[in-house]
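Geometric and topological summary
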Amino acid sequence: MDGSGRFKNRIEEEVPFRKIDSVLSSKLGRSPSSRNIVSKILKYDEKILTDGGKRVRIAIPFLMAEGLELNLRESELIEALIPIEIYHGASLIMDDVIDQDEMRRGMDTPHQKLQEYGFSQKQAESITILDAAEIQSMSVTASHQMEFLSAEQRIAISRIVQNSISDISRSQILDISAENTLDKGFKENLQSNDKPLEFEEFYIELIEGKTVSLFEAGVEILEVISGENLCHLSKYMSELGKAFQIRDDILDVIGGEEEINIDQRPESDKIGKDRYSDLKEGSMTLPIFYGLEMAREKPLEKLDEGQKIDSLRDKLKISFKTRKQFLEAILEDDDPKDLDLCVAAKILEDCGAIEKAQNKAEKHADKAAKHLKKSDLTGKHIEILEKAAHYVATRTR
C-alpha cells in the first residue's frame, strides 16, 4: 500500500464518515412527491450527494475541532459542519450541467440520467438546476435546526454559508468567462481596474472564490462555536484549498495516471468524473495556461521517445507548426475529438506544464503545513493535518 493509501486509512480511523453520511442523508431527506417522476429525481440527486465523495471540506474541520477540544458531542459537531457538505453537493450538480459532464462520483450525472428517463436535454438541465437550487437553500436553513447552539451562533453559521454561496457564484461567472480567454474581448472583460490581465493572479482569485471559500467556511464555523480567532487554521485551509484545486485541474488532464497514453481513449473511471472536461470547454486552468506558455515554440513533431506525431497526421489533419498552435485550436474547438484531447494532454505533460503546476500545488501544501505549526493544535492532530496537506496536493482521485 502506498503512502496515500495508508493516509486514507488513517483518516478513516479518525473521522466518522459513516455518521457524516448518515447525517447528510437525514438532512437531505425530503417529503416524497405524489408524482413518481419527481420522487425519482429527488432520490437520484440525493444519491449523488450521499454516495462517495472525499468529504475533505468537513473531515479537516472535524479533526481541527477535536484538537481544539470543543465542548460538543460528535453528532453536534457533524451537524454544525454539515451545511458545507450540503452546499458543496448542490454546487457539483450545477457544475455538471454548466460543464455538460456525464459522470460524477462514478455515476451518471443527474441531467444525464434524466435524459435516459426520456427527457430532452433542455428539460433535463432545467429540472436538475431547479432541484439543485432547492438543495442549496437547505444548506442555508440547516443551521436553524441546531438547537445545541445559541440563536446568535445559528444566525452566524447561516451567514457563513450565504457568503460562501455568493463567493462561489461570482467566481463561477468568472470561471465560465475564462473559457474564452483566448479572445481579446473577453480578456478586456476580465481586467481589473483597467490593468492588463495577469492570468496567474486571476486564477488564484478565481479559486479563492470557487474552492477556498468553502474550505475556509469550516474554520469560520469553528470560530463561531469556540469564540476564538483561528487565523492560522483559516490560512491553512486557504492554502489547502488552493492546492486541492490545482491538483484537481491536473487530474482533469492526467486522469490519475502517471503517464498519458495517446493510443488509448480517455477513461474517467480512475477519477470518478469526466476527464479532459477543461480542454473540452476551453477552460484556462493553470496547467493549460502553463502549457500555452511552455509549448510556444516547440515543433509538433515528436511527443516522446518512440512516439511520433507524424503517425497521427492523417487522423488529426494537423496543419500546425507548433504545439502552442495545436493547443489553441483544441481550446477553441466546440467539439474536439477524443484523439485530439489525448494528444493535447500529452503535449501538456511533455512540455513540463503538468510538472510546473504540480510544483505550485505542493508549494501551497507546504505553506499550509507552516501555518498549521503556528496554530494551537498539538500532537496527532498536527501530524494528521500536515499529511492531509500533502495528500490533497498529490492525490490520484
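The structure we're discussing is the one just above.
Residues numbered from 1 in each chain as written. Predicted model: local features only at pLDDT ≥ 70, side-chain atom pairs only at ≥ 80, totals over all residues. Heavy atoms only, no water.

**Examining the overall build of the chain**
Helix and strand counts for the chain come out as 18 helices and four strands. Sequence separation of 24 or more characterises 74% of the internal contacts of the chain that already satisfy a separation of 6 or more. In the structure as shown, the chain presents an accessible area of about 19200 Å², 44% of it carried by carbon and sulfur atoms. (Helix = DSSP H or I, 4+ residues; strand = E, 2+ residues; numbered from the N terminus. Contact = heavy atoms within 4.5 Å. Areas by Shrake-Rupley, 256 points an atom, 1.4 Å probe, with all protein chains shown as cover.)

**Digging into the environment of Ala-142**
Turning to its location among the elements, Ala-142 is positioned in the loop between α7 (121-141) and α8 (151-177). Considering only alpha carbons, one finds Ala-142 and Arg-154, twelve residues apart in sequence, at a separation of 9.1 Å. Not counting the four nearest positions on each side in its chain, Ala-142 is found in contact with Pro-83 and Ile-86.

**Here's the deal with the side chain of Lys-346**
Considering the arrangement of structural elements, one finds Lys-346 in helix α16 (residues 338-350). A polar atom in the side chain of Lys-346 sits 2.9 Å from the side chain of Glu-349. (Polar contact = N/O pair within 3.5 Å; in protein donor to acceptor, adjacent residues only side chain to side chain.)

**Things to note about the nonpolar core**
Core analysis: the biggest nonpolar cluster contains 107 residues, and Ile-60, Met-64 and Tyr-236 have the highest contact counts within it. Top element by residues in this core is helix α10 (residues 199-226). It accounts for 13 residues. (Core = buried A, V, L, I, M, F, W, Y, C linked by side-chain atoms within 4.5 Å. Buried < 20%, exposed > 50% of the residue type's maximum accessible area, 1.4 Å probe, protein only.)

**Observations regarding the side chain of Ser-277**
With respect to the helices and strands, the residue Ser-277 is situated in helix α12 (residues 277-281). You can call Ser-277 buried: its relative accessible area is 6%. Leave out the neighbours within four places in its chain, and Ser-277 touches Asp-99, Asp-101 and Asp-252.

**Looking at the packing of aromatic side chains**
Pairs of aromatic rings are described using the distance from one ring centre to the other and the angle between the two planes. One pass over the full model with this rule turns up five aromatic pairs. Plain terms: the ring middles of Phe-199 and Tyr-203 are 6.1 Å apart, the flat faces sit at 35 degrees to each other, and that makes the pair tilted. Here Tyr-203 and Phe-199 lie together in helix α10, a separation of four residues that amounts to about one turn. We note that Phe-199, like Tyr-203, is buried. Here Phe-289 and Tyr-290 contribute two aromatic rings whose centre-to-centre distance is 6.1 Å and whose plane-to-plane angle is 50 degrees, an arrangement assigned as tilted. Of the two residues, Phe-289 and Tyr-290, both sit in the buried class. An aromatic cluster is defined as three or more aromatic residues linked by ring pairs; in this entry it consists of Phe-199, Phe-202, Tyr-203, Phe-289 and Tyr-290. Directly above the aromatic system of Phe-244 lies the positively charged group of Arg-57, at a separation of 5.0 Å from the ring centroid. (Phe/Tyr/Trp six-rings, centres within 6.5 Å; stacked < 30°, edge-to-face > 60°. Lys NZ or Arg CZ within 6 Å of the ring centre and 35° of its normal.)

**Focus on a positive patch on the surface**
Judged by side-chain charge, Lys-235, Lys-363, Lys-367, Lys-370 and Lys-374 come together as a positively charged surface patch. Tracing the backbone through its elements, the reader meets Lys-370 in helix α17 (residues 353-373). Taking relative accessible area as the criterion, Lys-370 reaches 58% and is therefore assigned exposed. (Patch = residues over 30% accessible without salt bridge, like charges linked within 9 Å, V, L, I, M, F, W, Y side chains within 5 Å. Salt bridge = Lys/Arg side-chain N within 4 Å of Asp/Glu carboxyl O. Lys, Arg positive; Asp, Glu negative; His and termini not counted. Charge placed at Lys NZ, Arg CZ, Asp CG, Glu CD.)

**Details of the environment of Glu-66**
Along the chain, Glu-66 turns up in helix α4 (residues 56-68). Distance from Glu-66 to Glu-14, taken between C-alpha atoms, is 9.7 Å for residues 52 residues apart in sequence. Excluding anything up to four places from it in sequence, Glu-66 contacts Glu-14 and His-381.

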